[in-house]
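# Summary of structural features
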Amino acid sequence: MESSNTTARNANLRYVIIGAGMAGLLAAIKLKERGETNFIVYEKGDSIGGTWRENRYPGLTCDVPAHAYTYSFAPNPDWSAFYAPGPEIKAYFEKVANDFGVMNSIRFNREVTGCRFDDAANRWDITLVDGTTDTADVVIAASGVLHHPNVPDIAGLESFAGKAFHSARWDDTAELDGARVGVVGTGSTGVQIVTALQPRTAHLVHFQRSPQWIMPVPFFEYSEEDRAAFRANPSLIDQIRYSEEYWENIYRFNRALVDPHGPDMQAIQNVVLNNLETSVKDPVLREKLRPNYIAACKRLIYSWCYYDHVQQPNVTVETGRIDHIEPAGVRMQDGTLHELDVLVLATGFKADRFIRPTVVTGRGGVSLDDAWSVRPSAYYAMTIPDFPNFFMLNGPTGPVGNFSLIDIAERQWGYIEQLLEHLRHGAKQVAPKKEAFLDYEERRIEAAKKTVFGSGCTSWYLDAEGVPASWPWSYEAFAEAMSKPKFEDYTILS
Ligand code: NA7
C-alpha cells in the first residue's frame, strides 16, 4: 500500500452513481444510511428498476425465490408468490427507494455519456446526454448487465407485416389474444413468454435454435394468511432467506457449476433428464427438446410448467433454421412458412457491454474500451487498474447463474465500502495494482474454462474468445473474498 497520511477525514466526497436499478439504489441507500449527503444517481430511463423497468413481457418472473431476491435490509412480507412477477418486483424497488428516502437523489432521463478521470484534480468529470456536466470523487457504475437487446440479423425482418419486437421492447399495442404468435429464442425469457402466451393465442410457434434443460421448480402463491404471518413474525422470512436448506442449495449448485463432472452436477442432470423423460409424452417432441450439453451450461431454465404448455395442440416447436422473414411470417430453410401476426424476438442481450457505450477514460487518458479490448474484466469484478475511485456493482467476472444478484451486489458493496474508507480518510486514489489484476485474471480464466459454462455450449456467459466471463470458484470463496479486500493488491495514493 503506498499510503502515508490517511488520517484526515475528507467529509465532502462527491459520489456519482450510474443507474437506478437494483444495484444503484443499493449504493444510494447505503451511502445515505451512513450519513453521506453528497451523492446523486443518474438514470438513463424515466423510472427506477433497471431490468424490471426494461422488461415488461407477459410471464415476466424472477427465477430466484422472492424472499431471497430482496434486499437484506428491506424484507418484504407482501410477496404474492414464491417466485415474484416482474411488475411486483419493480413496485418493490419503488417502495424501497421511497421508504429509504433516495428518490429525490435520482435524476431521470440523464444518461451518463462520459466519465473522464482528471489526474491533477483526482476526480471524475462526468458528461451527461443533455450536455450538462458534473464532477465526482467516486463513481459507482451500477449500470446493469443485460440491457442492450441483441436483435438478430435475420433477412427481411423489416418487411414483416405484423408487429415484430425484441422482448425487452415490448409493444403494448400488439394484439395477442387469438393471434398467431412466433417467439424466437429459448432462454428464460422465451420460455416465460411462451408459457404465458400459449393459453391466449390461436397458434404459437416457438423457434428453437437450441433446446434447454428445464429444472422443475415448485411454484405456489402466498395466501393472505401467509403474508399476515410474515408481517407479524419477520423471522419467518429469515427462515426462508437464511435457511440452511436454501444456502446449501446455493453452495451445492455452485459446486456443480465449477465441477461439471462431479456428483452435484450429476444430481442436477438426473433431475432435468427425468423431467424431460416423464413430462414430455410425444417421443418426437421429446427428442426435439433434448439438449446435447450438460445442464446449466446455458443458464438453467427454472419452470414448473413450460413442458405442459409446449405440449398443447396450439403450439409448434420449430427446430429448423430460419431462412428469412417475409410480410406474412417466418420462412424456414426447408421452405415451410409460419404465418404470423406477431413476432417476439426473445433473443437475449449483448452481455459484454456493461457501462459502455458510456466513454470512460481513466488515468493518463487510458480508455475503458482499450482496457477491455480483449474482454471486459475487473479485479474481483469491481475495480480496474488505471481507473481509480471507480467501482462497479455486478461488473464483469462476478457470479452469474441462477443466484440472487441482490445478495451478490450487497456483498460487493461491503467490499467497496472498505475501499471507500481510505478515500474518506484522505486518500486521493484507490485502484488495484496491475500485477494483482493480471494475476486474478490469469487464475480466473484458467478456472473458468473448467466450469460448466466452458463445457461445450454457446451462451451469453462466454466472452468473444469463448471463455466464460464469470466467477469460477465456489460461492463461499466469493463471500470470503468480498468480506475483506486484499489491500496490499491496491495502490492507495495519499
Ligand atoms: P438468452 O438466455 O441469451 O437466450 C437467447 C435465446 O435467443 C437463445 O435461445 C438463443 O439461441 C436465441 N437466439 C439468439 N439469436 C438467435 C437467432 N438469430 N436465431 C434464433 N435464435 C436466436 O436471453 P434471455 O433474454 O432469454 O435471458 C437472458 C437472461 O435474462 C437470463 O439468463 C436471465 O438471467 C435473465 P442459442 O441458445 O444461442 O442457440
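### As for the environment of Phe220
Position of Phe220 among the secondary structure elements: in the loop between β11 (214-215) and α5 (224-232). Exposure remark for Phe220: the relative accessible area of 36% places this residue in the partly exposed category. Along the sequence, Phe220 and Glu277 sit 57 residues apart, while their C-alpha atoms lie 24 Å from each other.

### A short note on the domain arrangement of the protein chain
Once the domains are mapped, the protein chain shows domain 1 (15-148 + 350-493) and domain 2 (157-213 + 261-345). Using C-alpha coordinates to define each centre, domain 1 is positioned 31 Å away from domain 2. With 23 residues of domain 1 in contact, the opposing surface of domain 2 contributes 24 residues. Summed over both sides, the interface between domain 1 and domain 2 buries roughly 1,900 Å², with carbon and sulfur atoms accounting for 52% of that surface. The largest share of the area that domain 1 buries against domain 2 comes from Tyr57, Pro58 and Asn402, three residues that together contribute 30% of it. Inspection of the domain 1/domain 2 interface yields three salt bridges. Inspection of the domain 1/domain 2 interface yields seven residue pairs in polar contact (both at pLDDT 80 or more). Considering only residue class, the side of domain 1 that touches domain 2 consists of 10 nonpolar, 10 polar and three charged.

### Considering the state of the cysteines
Disulfides are covalent bonds that link the sulfur atoms of two cysteine residues. Within the structure shown, the criterion is met by one disulfide. Note on Cys62: no disulfide assigned, nearest cysteine sulfur contributed by Cys305 at a separation of 16 Å. A relative accessible area of 6% places Cys62 in the buried class.

### Looking at the site of the ligand
Around the ligand, the surrounding shell holds 18 residues, and the nearest of these are Thr186, Thr189, Ser210, Lys298 and Arg299. At 2.8 Å from an oxygen atom of the ligand is found a main-chain nitrogen or oxygen belonging to Thr186. With respect to the ligand, the side chain of Trp460 contributes an N or O atom lying 3.0 Å from an oxygen atom. Here the shell around the ligand is composed, by residue class, of six nonpolar, nine polar and three charged.

### Brief notes about the nonpolar core
Tyr71, Phe93 and Leu300 are the most contacted members of the largest nonpolar core, which totals 120 residues. A total of nine residues in this core trace back to one element, the largest contributor, which is helix α12 (residues 405-424). Per-domain counts for this core show at least three residues from each of domain 1 (15-148 + 350-493) and domain 2 (157-213 + 261-345). Grouped together as the second largest cluster of nonpolar side chains are 24 residues, Val112, Cys115, Ile355 and Ala378 included.

### Focus: the pairing of strand β4 (residues 112-118)
Bridge count for β4 against strand β5 (residues 123-128) is six bridges, and the pairing is antiparallel. Paired with Cys115 across the strands is Ile126, a residue of β5. Where β4 lies against strand β18 (residues 359-361), three bridges are found, and the strand directions are parallel. Looking across to β18, one finds that Cys115 is bridged to Val360.

### Points about unusual backbone geometry
For the peptide bond that leads from Arg356 to Pro357, omega is 20°, which places it in the cis range. Here Pro357 is to be found in the loop between β17 (342-345) and β18. Here the phi dihedral of Asn394 falls at roughly 50°; this positive angle occurs in a residue that is not glycine. In this fold, Asn394 is placed in the loop between β19 (390-392) and α12. The class for Asn394 is buried, based on a relative accessible area of 10%. Positive phi is not limited to glycine here, since Thr397 has a value of about 80°. With respect to the helices and strands, Thr397 occurs in the loop between β19 and α12.

Cut-offs and rules
- Residues numbered from 1 in each chain as written.
- Predicted model: local features only at pLDDT ≥ 70, side-chain atom pairs only at ≥ 80, totals over all residues.
- Heavy atoms only, no water.
- Helix = DSSP H or I, 4+ residues; strand = E, 2+ residues; numbered from the N terminus.
- Buried < 20%, exposed > 50% of the residue type's maximum accessible area, 1.4 Å probe, protein only.
- Domains from an automatic or database assignment.
- Contact = heavy atoms within 4.5 Å.
- Buried area = accessible area lost by both parts, 1.4 Å probe.
- Salt bridge = Lys/Arg side-chain N within 4 Å of Asp/Glu carboxyl O.
- Polar contact = N/O pair within 3.5 Å; in protein donor to acceptor, adjacent residues only side chain to side chain.
- Nonpolar A, V, L, I, M, F, W, Y, C, P; charged D, E, K, R; others polar.
- Disulfide = S-S within 2.5 Å.
- Near = heavy atom within 4 Å.
- Core = buried A, V, L, I, M, F, W, Y, C linked by side-chain atoms within 4.5 Å.
- Pairing = 2+ DSSP bridges.

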